[in-house]
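Reading the structure
Residue-level listing of the chains:
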Amino acid sequence: MSSLDLFTTRRPALGLGRLRQLDVTLVLSWAIIIVAIAWAVAPGAFTPHSGTVGIAGNQLRAPDVAHWLGTDEIGRDVLARIIYGSINSLFGAVVAVIVGFVGGTALGLVAGSVGGRTDTLIMRIVDVLLSVPGLLLQLSIIIILGFGTVNVAIAVGVTTVASFARLMRSEVIRVRRADYVEAAFGSGGRFAAVLWRHVLPNSLGTVIAFAALQFGSAILAISTLGFLGYGAPPPTPEWGLLISEGRKYLTGAWWLTAFPGITVILIVLATHRISQSLRRPS
Amino acid sequence: MTRLLVSRIGQAAIVLLLAFTASFLLLQALPGDAILIKYQNPEMGLTPEQIAEIRVLYGADAPIWVQYGNTLWNFLQGSFGYSVQAGVPVNPLLATNLPPTLRLASLGLVVAVIIAGALAFAATLAPFAWLRNLLQSLPALMISVPVFWLGIMLIQIFSFRLRLVPIINPSEFQALILPVVTLSLPIAAPLAQILIRSLDEVQTQPFVSVARAKGASRAWVLWRHVLRNALLPVLTIAGVLFGELLAGAVVTETVFGINGLGRITEQAVSNQDTAVLQAIVILAAVGFVLINLLVDLVAPLIDPRLNTPIGASA
């Protein structure tokens, strides 16, 4: 995937002069993510309104003091729907990243450490996964698993297995050549033990930063599939679905589509910034 | 060279065969039988015997490996089976829906390349540091925008607010403006990012300093010396961009209600019409593999250093 290609081309180390200015964006990014997690954990603490039940006579109000982001066609508060929708997107993204991380790391670790035919076979499978555009691969999996939040998350996760595997393999190959790994083998360490104690921990750093990047991409992918109607069914306040529903009132009620989209963009930007900070400067 | 060529083509063929096998196993061998879904509908009033007959007609009763062989043979001959839901062969379905998507995708690519090139040059040449930083951070923002949301916002702003692009009875050209922009922005973003980085890297090379010392202007050096060297990293993501372009087109068509590959993909998923989806997936994989093969063959023409064996030059 392109995200991997962009990820592996490293940026030059940042000068001290820019450090202070960049820290502001990093703090802001963490703040955004923490707020989103808080929304997911305790949505009721952030809004007095309901995420699914509307108030009669309150339909399609433009943003004002009572409803900061306006109300939708059956009088539901848009901000409340975004807040209550947080859990869907975050949970889906976590599931997707876990699927991709565990599957990809395992494949990459085996391919990079065992080598030989096993390596060739695994990398061919990775090639096949990479040869199909992400969206089409996700749709192929959804067509089998059926619709729903978890199924969409799994589909998104499977699509990222290939990128994780490729990155993990290159890291493992880099670490395996290190002196301390040779020393561990030389002092009689068993293959699996050396792998677990030395190779795995030392190759995970970059992969974890990549996982943070994939978290944002997963939120983007999940909202796209939600928009197409394959995610959670309608009364659920899922961000992609909110935008899809708001489409019908495009002429008058711009707030129905604009705000859920901005929420997605902010969270994706934040995760990208955090991922960047997690990478070791080269 | 010939040996390299043969081995690359062989590898490409293996990837495609594996892709076909995987998609066959996933989409045809697993449950979610499109024939049963359509014909078991009680409104049709078919007896189990009649359904069995239909299954024989579609070849769904044969052992799995026979089905695999038949499907592979048909695909190799360019025949993609039957859409059970629409009751027609997949081929004419693709033939009518592929051209609009290809037109949208190719226009989107052209616009994306122009945007990315302009952005990369501006971000490298802009007069002030803060302006360069601002321009360099634009692609990161563009990558974070959901394609479908971008399309909706563009309709909102340009059609409803400013009334610049009519949505009722637009001309063919007008109807394409917003979809092409929607599709091109997310494609332009990674392109611009890679181009900016690669321009940055090439600019520090000694030959650039030499050209500058000889009195060439910055823009001229960029155009004549740097660009050609900076293009190679861009070519390596051409295959990925093709995939993104296709996926982007699917979403864009849904947003703008354009008839094309996107619409039949969406319908195929909703109706579990696996034959249609499999055909599209395989076509996408073929496109990806062919483009990467082409890039491998063209890269040495752009950079002759790639022709020398590894290790001979450093």
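Residues numbered from 1 in each chain as written. Chains lettered and ligands numbered in written order. Predicted model: local features only at pLDDT ≥ 70, side-chain atom pairs only at ≥ 80, totals over all residues. Heavy atoms only, no water.

- The name given to chain B in an unreviewed UniProt entry is Peptide ABC transporter permease, with Devosia psychrophila as the source organism.
- The annotation that UniProt attaches to chain B under Subcellular location (unreviewed entry) is "Cell membrane". (UniProt positions renumbered as here; feature names shortened; annotations may be inferred.)

- The name given to chain A in an unreviewed UniProt entry is Peptide/nickel transport system permease protein, and the organism recorded there is Devosia psychrophila.
- Looking at the Sequence similarities (unreviewed entry) heading of the UniProt record, one finds this comment for chain A: "Belongs to the binding-protein-dependent transport system permease family."
- In the Subcellular location (unreviewed entry) part of its UniProt record, chain A is described as follows: "Cell membrane".

**With respect to the packing of helix α5 (residues 90–125) of chain B against helix α12 (residues 261–270) of chain B**
Residue and element names in this part refer to chain B.
- It is at 7 Å that the axes of α5 and α12 come closest, and there the two elements cross at 130°. Judged by the angle between their axes, α5 and α12 are oblique. Contact residues: α5 offers L93, L94, N97, L98 and T101, while α12 offers L261, G262, R263 and I264.
- In terms of residue class, the contact of α5 with α12 is made up of 5 nonpolar, 3 polar and 1 charged. (Axes fitted to C-alpha atoms, helices over the stretch in contact; angles between N-to-C directions. Helix = DSSP H or I, 4+ residues; strand = E, 2+ residues; numbered from the N terminus. Parallel < 35°, antiparallel > 145°, perpendicular 65-115°, else oblique. Contact = heavy atoms within 4.5 Å. Nonpolar A, V, L, I, M, F, W, Y, C, P; charged D, E, K, R; others polar.)

**Observations regarding the packing of aromatic side chains**
Residue and element names in this part refer to chain A.
- Tallying each qualifying case throughout the model produces 6 aromatic pairs over all chains.
- Ring geometry for F147 against Y230: centres 5.1 Å apart, planes inclined by 45°, an arrangement best described as tilted. In this pair, F147 sits in the loop between α5 (134–145) and α6 (149–176) while Y230 sits in the loop between α8 (191–228) and α9 (239–246), placing the two residues 83 residues apart along the sequence.
- Here the aromatic rings of F185 and F191 are separated by 6.1 Å at their centres, their planes lie at 25°, and the arrangement is stacked.
- For F185, a relative accessible area of 24% translates into the label partly exposed. (Phe/Tyr/Trp six-rings, centres within 6.5 Å; stacked < 30°, edge-to-face > 60°. Buried < 20%, exposed > 50% of the residue type's maximum accessible area, 1.4 Å probe, protein only.)

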